[in-house]
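In case you want the letters, here they are:
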Amino acid sequence: MDKRLPPLNALRTFESAARHLSFTKAADELAVTQAAVSYQIRQLEEHIGRELFRRLTRKLELTPAGIELQAAVEDAFDRIRATMHKLTDAAEDKVLSVTTLPTFASHWLVPRLGHFQLRRPDLAVRLDSSVGLGDLNHQFDVAIRSGLGQWPGMVAERLVEYRLTPVISPILAERMGGIRHPSDLARLPLLDYNHIEDIRYWHQWFAMADVAVDGMRSGPQYDMQAITGQAAVMGQGVALVCPAFFAADIASGRLLVPFPDLVLVTDRSYWLVCSQRRVDEPKIKAFRDWILSEVSACEGQCGALGGMLNVALAGPRVANNS
């Protein structure tokens, strides 16, 4: 066993692989190949003289030596990071990097960011719109994601529930001779942006509406809710969306909410997510306090849980599938 300190790059690679329990995810995070990650881990194991991972079928596990080294490396990196903040002008502390889902960014967050900038003019917001959680220890400060709120090593705080209801172009509705019963929607192309989840939620919505559907007419599939809603505006089919993301389209008459009393509360929510290690950083706490106050203000204005996510539906009767 070599008692000299191993290369810093090998330790950084190990920290990422141990955190993700995946060489593939570590490679993506570090912008290297999976082979390069495997090589660095092998070099580190040879340097120490012990295996750090158990390579099982389709998954990795840390060995006792790996668990011990992970704790030491994380502690060392945290100490280095804290010291660097003290020794520099902490320029990065003047930037708040937020990664959020594209539709949430364009239809909810961006219109309100001016309020945060007025509250904290000393912080510049850098916004990323993507689906992956990203690295909340180094790459981003906070994330807004939808899901069940379970991300290992992360602190997740619920913002609003993930509620869905169908929307349709009035032109398409007129072409169908009007939409009078939920079963009428089953005859239309059903637009979606996440095929497996959307089909599941369509089944749940029709079940909630007491409609037996043998088959569904699948329409075009898109990669985000904003585009799906726009496709509905263009009359390509009926979309199952969070209605207030399209409040302007609904208010202008470009979209109709045919059954405002049938809103599906799914098993998911929108969450504010940050690393457990960084939850007490001042800029993260400032953003958390602000966005929770925005959500609370929306709830008060709209009189319904979920705030602006329900503003297009004034006081709906909400059916819960949970």
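Here, the structure is the one placed above.
Residues numbered from 1 in each chain as written. Predicted model: local features only at pLDDT ≥ 70, side-chain atom pairs only at ≥ 80, totals over all residues. Heavy atoms only, no water.

(A) Structural context of the packing of aromatic side chains. Counted under the stated rule, the structure contains 15 aromatic pairs. Considering the side-chain rings of Phe 104 and Tyr 270, the 5.2 Å spacing of their centres and the 45 degrees angle between planes classify their relative orientation as tilted. Here Tyr 270 lies in strand S10 (residues 263-275) and Phe 104 lies in helix H5 (residues 102-109), a separation of 166 residues in the sequence. Here Phe 104 falls in the buried class, since its relative accessible area comes to 2%. (Phe/Tyr/Trp six-rings, centres within 6.5 Å; stacked < 30°, edge-to-face > 60°. Helix = DSSP H or I, 4+ residues; strand = E, 2+ residues; numbered from the N terminus. Buried < 20%, exposed > 50% of the residue type's maximum accessible area, 1.4 Å probe, protein only.)

(B) Helix H3 (residues 34-48), seen in detail. For H3, with 15 residues, the first-to-last C-alpha span of 21 Å sits near the 21 Å given by 1.5 Å per residue. Restricting attention to buried positions, one finds in H3 the residues Val 37, Ser 38, Gln 40, Ile 41, Leu 44, Glu 45 and His 47. Among the residues trailing H3, Gly 49 stands out with phi positive, at a value near 90 degrees. (Expected span 1.5 Å × (residues − 1).)

(C) Just the side chain of Asp 249, in detail. Topologically, Asp 249 is positioned in helix H10 (residues 247-252). Filtering out sequence-adjacent residues up to four positions away, Asp 249 remains in contact with Val 233, Arg 254 and Leu 255. (Contact = heavy atoms within 4.5 Å.)

(D) Looking closely at the pairing of strand S2 (residues 59-62). A one-sided burial pattern is seen for S2, the buried positions being Leu 60 and Leu 62 and the unburied ones Lys 59 and Glu 61. Pairing of strand S1 (residues 53-56) with S2 involves 4 bridges; the strand directions are antiparallel. From the neighbouring strand, Phe 53 faces S2, where its bridge partner is Leu 62. Hairpin connection, S1 to S2: the antiparallel pair is bridged by 2 residues, and Arg 58 has positive phi, about 65 degrees. (Pairing = 2+ DSSP bridges.)

(E) Structural detail: the side chain of Ser 269. Note on placement: Ser 269 falls in strand S10. Judged by relative accessible area, Ser 269 falls into the buried class, the value being 2%. Within polar-contact distance, the side chain of Ser 269 engages the side chain of Arg 158 at 2.5 Å. Contact partners of Ser 269, with chain neighbours within four places excluded, come to Arg 145, Ser 146, Gly 147, Arg 158, Val 160, Glu 161 and Tyr 162. (Polar contact = N/O pair within 3.5 Å; in protein donor to acceptor, adjacent residues only side chain to side chain.)

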